[in-house]
Amino acid sequence: MSILKPGTVRRVAVIGGSRIPFARSDGPYATASNQEMLGAALNGLVERYGLQAPGAVGEFVAGAVLKHSRDFNLARETVLGSALDARTPAYDIQQACGTGLQAVVAAANKIALGQTEAAIAGGADTASDAPLGVNDQLRKVLLEARRAKSPGGRLKALAKLRPGQLVPDIPRNAEPRTGLSMGEHAAVTARAWGIAREAQDELAAASHQRLAAAYERGLFQDLVVPFRGLARDQNLRPDSTVDRLAALKPVFGLDGPDPTMTAGNSTPLTDGAALVLLASDEWAAERGLEPLAHLTAYETAAVDFVHGDVADGEDGLLMAPAHAVPRMLERAGLGMADFDLIEVHEAFASQVLATLAAWEKRGLAPVDRARLNAAGSSLATGHPFAATGARIVATLAKLLAERDGPARGLISVCAAGGQGVTAVLERT
């Protein structure tokens, strides 16, 4: 650890990434835990960059959105079960779908301030093994029995049990304050911004085609670690076309006129894990590693999707990046024309298109579609909630490193709860 002079901030380098192929829920990873998936991604990173030595990295930061009680201290337990030095400190972080990118930001801040030289950050999630909650009435009866002072008191409490209380609470993909699923919220935003069905299908088809092309040219050769029989993302459909997607029936927004959102232009429930290796330039130079890019700016935002301007699309559940990005770019003195590549997390095709429209409304230049999600994104890879941010950081850094000369990339991730996490990567 170095001690910096007041006001000194170091550059934070993205050295590389490691993830397992993403799988559709209830598929190949149906019995894999968050820790097992995260450990597989971590071991791939440790092996690739020779991180087995004591103190190789200063910290491990990761999280999951869907966590069992056994995932208590998930990051630390993952370290203890991996090839990384067991003396590496670790902690959990969670910000819904922004978790992976927020973990990267948290680790980067410590590197920038000289509090550590290198760190690993990311996340994992399994929709297959989602935790089942105990019925609240059952929970209260069991707690009452535990507090009882005698066997008779415990029996008296347990006698209150009823068959209906034994049914578990099944997790729902719904916002607690509205009762609407993320897809239903996105459908409201799609109507507010007038997002057409064909435009959504075009974006979805391009995502699959570009991801397939990226695999074919070897982009992910040093980013993806095979796991449980998968070597590529299971959701990938290389033959996806607008015509094929047009045949699918809408699944969201059915309570309104002309619904446009289908399973094909929406991200499926997914299992997976992804991590990023971050470091100071000095740490990288000592090990003969060339940074892929540097993390130079980041911004978070939130919208009031309960009481805000939802009808006009300004405060839709997934619209926080529409506020975060303009603020970040103004602070950095940048415009859309300054970016060679732009990565917008594809929770839904309609949400991506609404975000682009909102940026233009706020005075940003239109996004060149050739620069948008150049190697595909979540519609093709899938979206294990806490893993997506790290996947995007590693992929974008690799894409920037492939270009001749300096290059800059923008990252935009929307998240449940009306939040957004955004960042800028640069290759100098």
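Residues numbered from 1 in each chain as written. Predicted model: local features only at pLDDT ≥ 70, side-chain atom pairs only at ≥ 80, totals over all residues. Heavy atoms only, no water.

1. A look at the overall build of the protein chain
Applied cut-off: Secondary structure counts use DSSP, requiring at least four H or I residues in a row for a helix and at least two E residues in a row for a strand, with both numbered from the N terminus. Radius of gyration: C-alpha atoms only; globule rule: 2.2 Å multiplied by the number of residues to the exponent 0.38. Burial status follows relative accessibility: with a 1.4 Å probe on protein chains alone, a residue under 20% of its type maximum counts as buried, one over 50% as exposed, and anything between as partly exposed. Contacts were defined at the residue level, with two residues in contact if any of their heavy atoms lie within 4.5 Å. Note that accessible areas follow from Shrake-Rupley with a 1.4 Å probe, and for residues the cover is restricted to the protein chains shown. Just so you know, the count uses Lys and Arg for positive and Asp and Glu for negative, and it drops His and the chain ends. To locate a charge, take atom NZ for lysine, CZ for arginine, CG for aspartate or CD for glutamate.
A count of helices and strands for the protein chain gives 13 helices and 12 strands. Computed over the C-alpha atoms, the radius of gyration of the protein chain is 22 Å, within 12% of the 22 Å expected from 2.2 N^0.38 for a compact globule of 428 residues. If one aligns the C-alpha atoms of the protein chain with their principal axes, the spans along those axes are about 75 × 60 × 45 Å. Counting all 428 residues of the protein chain, 56% fall into the buried class. The long-range fraction of contacts in the protein chain, counting pairs at least 24 apart against all pairs at least 6 apart in sequence, stands at 80%. Of the roughly 17,800 Å² of accessible surface on the protein chain, a fraction of 53% belongs to carbon and sulfur atoms. Measuring between centres, the 43 positive side-chain charges of the protein chain sit 8 Å from its 47 negative side-chain charges.

2. Section: the packing of aromatic side chains
Our working definition: The rule is short: rings of Phe, Tyr and Trp, with Trp giving its six-membered ring, pair when the centres are within 6.5 Å, and they are stacked under 30 degrees, edge-to-face over 60, tilted in between. Comment: the charge-over-ring label is applied if NZ (Lys) or CZ (Arg) is within 6 Å of the ring centre and within 35 degrees of the ring normal.
Under the defined criterion, the tally for this structure stands at three aromatic pairs. Centre to centre, the rings of Tyr 29 and Phe 227 are 5.0 Å apart; their planes meet at 65°, and the pair counts as edge-to-face. With a gap of 198 residues between them, Tyr 29 in the loop between strand 2 (23-24) and helix 1 (34-49) and Phe 227 in the loop between helix 7 (197-216) and helix 8 (242-246) connect regions that are remote in the sequence. Of the two residues, Tyr 29 and Phe 227, neither departs from the other in class, the shared state being buried. A ring pair is formed by Phe 252 and Phe 348, whose centres lie 5.9 Å apart and whose planes are at 90°; its orientation type is edge-to-face. Of the two residues, Phe 252 sits in strand 6 (residues 250-252) while Phe 348 sits in the loop between strand 10 (341-344) and helix 11 (349-361), which places them 96 residues apart along the sequence. The exposure class assigned to Phe 348 is buried, which follows from its relative accessible area of 6%. Over the aromatic face of Phe 22 sits the side chain of Arg 19, whose NZ or CZ is 4.6 Å from the ring centroid. Residue placement shows Arg 19 over the ring face of Phe 220; its charged tip is 5.5 Å from the ring centre.

3. What to know about the pairing of strand 12 (residues 419-427)
Put simply, side chains in a regular strand alternate between the two faces of the sheet. Counted only if it meets this: Any two strands are treated as partners once DSSP identifies two or more bridges connecting them.
Counting buried residues along strand 12, eight of its nine residues qualify, which places the element largely inside the surrounding structure. Here eight bridges tie strand 9 (residues 293-302) to strand 12, and the two strands are oriented antiparallel to one another. Within strand 12, the position partnered with Ala 302 by the bridge is Gln 419. Both strand 11 (residues 407-415) and strand 12 contribute to a ladder of nine bridges, which runs antiparallel. Following the sheet pairing, Arg 408 is matched in strand 12 by Glu 426. Connecting the antiparallel pair strand 11 and strand 12 is a turn made up of three residues, with Gly 417 showing a positive phi of about 80°.

4. Concerning the nonpolar core
For the record, the criterion: Think of a nonpolar core as a cluster: buried Ala, Val, Leu, Ile, Met, Phe, Trp, Tyr and Cys residues, connected wherever their side-chain atoms sit within 4.5 Å.
In this structure, Phe 220, Val 276, Leu 278, Val 393, Ile 411 and Leu 425 are the most contacted members of the largest nonpolar core, which totals 48 residues. If we ignore the near neighbours within four places in the chain, the residues touching Ile 411 are Leu 101, Glu 343, Ile 392, Val 393, Leu 396, Val 421, Thr 422, Ala 423 and Leu 425. Judged by nonpolar contacts, the second largest core, of 36 residues, contains Ile 20, Ala 41, Val 57 and Leu 275.

5. Section: the packing of helix 3 (residues 99-112) against helix 13 (residues 388-402)
To keep it simple, the criterion reads: Axis definition: a line fitted to C-alpha atoms, limited for helices to the stretch in contact. Angles are taken between N-to-C directions and run from 0 to 180 degrees. Residue polarity is assigned by list, with Asp, Glu, Lys and Arg as charged and Ala, Val, Leu, Ile, Met, Phe, Trp, Tyr, Cys and Pro as nonpolar; anything else, Gly included, falls into the polar class.
The N-to-C vectors of helix 3 and helix 13 enclose an angle of 65°; their axes lie 5 Å apart at closest approach. Residues Gly 100, Leu 101 and Val 104 of helix 3 form the contact with helix 13, whose own contacting residues are Gly 389, Ala 390 and Val 393. Residue composition of the contact of helix 3 with helix 13, by class: four nonpolar, two polar and no charged.

6. Here we look at helix 11
It helps to recall that an α-helix has 3.6 residues per turn; residues three or four apart then point in one direction. Quick note on the threshold: Here, expected helix span is obtained from the residue count minus one, scaled by 1.5 Å.
Given a rise of 1.5 Å per residue, 13 residues ought to cover 18 Å, and the 19 Å separating the end C-alpha atoms of helix 11 matches this to within 8%. Along helix 11, 10 of the 13 residues are buried, which leaves the element largely enclosed by surrounding structure. If you check which residues of helix 11 are buried, you get Ala 349, Ser 350, Gln 351, Val 352, Leu 353, Ala 354, Thr 355, Leu 356, Ala 358 and Trp 359. Gly 363 sits one or two positions beyond helix 11 and adopts a positive phi of about 95°.

7. Some details on the side chain of His 68
Condition: Each polar contact in these results corresponds to two N or O atoms within 3.5 Å; when the atoms are within protein, one needs to be able to donate a hydrogen and the other to accept it, and residues that are neighboring in sequence are counted only if both atoms are side-chain atoms.
Mapped onto the elements of the fold, His 68 is located in the loop between strand 3 (59-63) and helix 2 (74-80). Side-chain polar atoms of His 68 contact the backbone oxygen of Asp 129, separated by 2.5 Å. Setting aside its immediate chain neighbours within four residues, His 68 contacts Asp 129, Ala 130 and Pro 131.

8. Brief notes about the UniProt feature "domain: Thiolase C-terminal" (unreviewed entry) in the protein chain
Stated formally: UniProt positions are given in the numbering used here, feature names are shortened, and annotations may be inferred rather than shown by experiment.
Mapped onto the present numbering, the UniProt feature "domain: Thiolase C-terminal" (unreviewed entry) falls on residues 309-427. The span residues 309-427 shows a helical share of 37% and a strand share of 18%, and its end C-alpha atoms are spaced 38 Å apart.

9. Regarding the side chain of Ser 18
With respect to the secondary-structure elements, Ser 18 resides in strand 1 (residues 12-19). At a separation of 2.7 Å, a polar atom in the side chain of Ser 18 contacts the main-chain carbonyl oxygen of Ala 41. With residues near it in sequence (within four places) discarded, Ser 18 still touches Ala 41, Gly 44, Leu 45, Arg 48, Leu 223, Val 225, Ala 274 and Leu 275.

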